[in-house]
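Residues per chain are reported as follows:
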Amino acid sequence: MAYVEYFKKRLFYNHLYINKKKLSIDQKSILRQKIKFYNNLSIKHKSYFEHRVVKTINRTEFVGKELEVSDEMRVVISATLVKLTFGLRDYKIDSVERVLIYPEEFYSQTNKAYHKGEFNLGYRALVLSWKDVLHGYHVEDDNLNLAVHEFIHAIHLYYKNVRNRSASSAIFLDSFYELTQDLDENFKLKEELVSSKYIRDYAFTNQFEFLAVIIETFIETPQEFKSQFPEIYKKVKGMLNFNFVGY
């Protein structure tokens, strides 16, 4: 923790497992079909990824709303969280204990409107439209991925709560703070980002949405991001501690 705080935002290790868990053959097939990130990993890292997916499935309550929860839902949704935290050690995000899955858009009692997804901290739940989760993985270059977006909200709030005892949290939050400071001080860069329309307007609603959208964009079109805004790209890459093929 002291090393991360005062020297370099780097983990000495982020994968150390005594008894690695394995997915079933069918679950692994789902992972290969739906998660391109997994397919680009080395054999060793694939085994780590699978272990984290199993652990995430086992510690999460999946609740079907007007549908039956399938293995595909469990694997795809869990793999989304694992992908986002794969460069970090702290992937057991306690702010999500359950995932409520609707067939499509649902009526939210929170603000009396129809939503595709939301994160409810009080209930420690993600609420997702399965139709839109699938769209996020079917179309992988439109900078829209519902599961990624909502999980980032959950990760952000969880890391804020454990900031003083989690090196992963320190890397994530401090890098984000540096990015926002850079944009506040470099008006020209911020203006270019806004006017480019590469980052959708919703990002500029508040800092929570900015973080979710900018990581959503990083995950979906990393090479375009790197080409257009290399300084911002580097900060986001550091935030997730990503050193993987394609990024």
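Use the structure listed above.
Keep in mind it's a predicted model, so treat the numbers as computed, not measured.

Undergrad: Can you walk me through helix α4 (residues 43-59) in this structure?
TA: Because the α-helix completes a turn every 3.6 residues, residues three or four places apart line up on one side. With 17 residues, α4 should reach 24 Å at 1.5 Å per residue; the first-to-last C-alpha distance of 25 Å fits that figure. By the burial criterion, the buried members of α4 are Y48, F49, E50, H51, R52, V53, V54, T56 and I57. Elements that come into contact with the buried residues of α4 comprise α2 (25-34), α3 (36-39), β1 (61-64) and α5 (71-84).

Undergrad: How should I be thinking about the nonpolar core in this particular structure?
TA: Within soluble globular proteins, side chains that are nonpolar tend to cluster in buried spots. In terms of nonpolar packing, the biggest core is built from 74 residues, with F49, I215 and I232 touching the most fellow members. Sorting elements by how many residues they give to this core places helix α7 (residues 146-161) first, with nine residues. Excluding residues that lie within four positions of it along the chain, I232 makes contacts with L179, L183, L189, L193, I214 and F225. Counting five residues, the second-largest nonpolar core is a separate cluster that includes L100, Y102, F106 and A125.

Undergrad: Just to check I follow, could you spell out the packing of aromatic side chains for this structure?
TA: By convention here, two paired aromatic rings are described through the distance between centres and the angle between planes. Overall, the coordinates contain 24 aromatic pairs when judged by the stated rule. A centroid spacing of 6.1 Å and a plane angle of 85 degrees characterise the contact between F37 and F86, whose relative ring orientation is edge-to-face. Of this pair, F37 sits in helix α3 while F86 sits in the loop between α5 and β2 (98-102), placing them 49 residues apart in sequence. Relative accessible area serves as the criterion here: at 7%, F37 is assigned to the buried category. Three or more aromatic residues joined by ring pairs make a cluster, and in this case those are F37, Y38, F49, F86, Y198, F218, F225, F229, Y233, F242, F244 and Y247. In this arrangement the basic side chain of K46 is found over the ring face of Y38, its NZ or CZ atom lying 5.5 Å from the centre. The ring of Y123 has R98 sitting right over it, with the charged end atom 4.5 Å from the ring centre.

Undergrad: I tried to follow the environment of N161 on my own but got confused; where do I start?
TA: Considering the arrangement of structural elements, one finds N161 in helix α7. The exposure class assigned to N161 is exposed, which follows from its relative accessible area of 58%. Sequence separation of N161 and S95 is 66 residues, and the distance between their C-alpha atoms is 9.5 Å.

Undergrad: What's the story with the packing of helix α8 (residues 167-185) against helix α10 (residues 207-220) in this structure? I'm lost.
TA: Two numbers describe a pair of packed helices, the interaxial angle and the distance between the axes. Closest axis-to-axis distance for the α8/α10 pair is 12 Å, and the angle between their directions is 105 degrees. If you check the angle between α8 and α10, you find them roughly perpendicular. From α8, F172, F176, L179, T180 and L183 reach across to α10, where they touch Q207, F210, L211, I214 and I215. The residue makeup of the contact of α8 with α10, split by class, is eight nonpolar, two polar and no charged.

Undergrad: Can you help me understand α2 in this one?
TA: Among all positions of α2, only Q27, I30 and L31 are buried. In a view along the axis of α2, the buried residues occupy a sector of 100 degrees, so they form one face of it. Residues of α2 that are exposed and angled more than 90 degrees away from the buried face: I25, D26 and Q33. Buried residues along α2 sit against α3, α4 and α5.

Undergrad: Would you mind going over the environment of F229 with me for this structure?
TA: Tracing the backbone shows F229 in the loop between α11 (222-228) and α12 (230-240). The exposure class of F229 is buried, given its relative accessible area of 5%. Sequence-wise, F229 and L189 are 40 residues apart; in three dimensions their C-alpha atoms are separated by 8.6 Å. Excluding its chain neighbours within four sequence positions, the residues that come into contact with F229 are L189, E192, L193, S196 and Y198.

Undergrad: Where do I start with the packing of α4 against α5 in this structure?
TA: Look at α4 against α5: their axes get within 9 Å of each other, and the N-to-C directions meet at 120 degrees. In terms of crossing hand, the pair formed by α4 and α5 is right-handed. Between α4, through F49, R52, V53, T56 and I57, and α5, the contact on the second element is made entirely by R74, V75, S78, A79, L81, V82 and K83. Looking at side-chain class alone, the contact of α4 with α5 contains seven nonpolar, two polar and three charged residues.

Undergrad: Can you walk me through the pairing of strand β6 (residues 125-129) in this structure?
TA: In regular strands, side chains alternate between the two faces of the sheet. The element β6 is largely enclosed, with a buried count of five among its five residues. Side-chain alternation along β6 places A125, V127 and S129 on one buried face and L126 and L128 on a second face that is also buried. Pairing geometry for β2 and β6, over five bridges, is parallel. Directly across from L100, in β6, lies its bridge partner V127.

Procedures and definitions
Residues numbered from 1 in each chain as written. Predicted model: local features only at pLDDT ≥ 70, side-chain atom pairs only at ≥ 80, totals over all residues. Heavy atoms only, no water. Helix = DSSP H or I, 4+ residues; strand = E, 2+ residues; numbered from the N terminus. Expected span 1.5 Å × (residues − 1). Buried < 20%, exposed > 50% of the residue type's maximum accessible area, 1.4 Å probe, protein only. Contact = heavy atoms within 4.5 Å. Core = buried A, V, L, I, M, F, W, Y, C linked by side-chain atoms within 4.5 Å. Phe/Tyr/Trp six-rings, centres within 6.5 Å; stacked < 30°, edge-to-face > 60°. Lys NZ or Arg CZ within 6 Å of the ring centre and 35° of its normal. Axes fitted to C-alpha atoms, helices over the stretch in contact; angles between N-to-C directions. Parallel < 35°, antiparallel > 145°, perpendicular 65-115°, else oblique. Nonpolar A, V, L, I, M, F, W, Y, C, P; charged D, E, K, R; others polar. Arc of directions from axis to C-beta. Left-handed = near helix turned anticlockwise from the far one by under 90°. Pairing = 2+ DSSP bridges.

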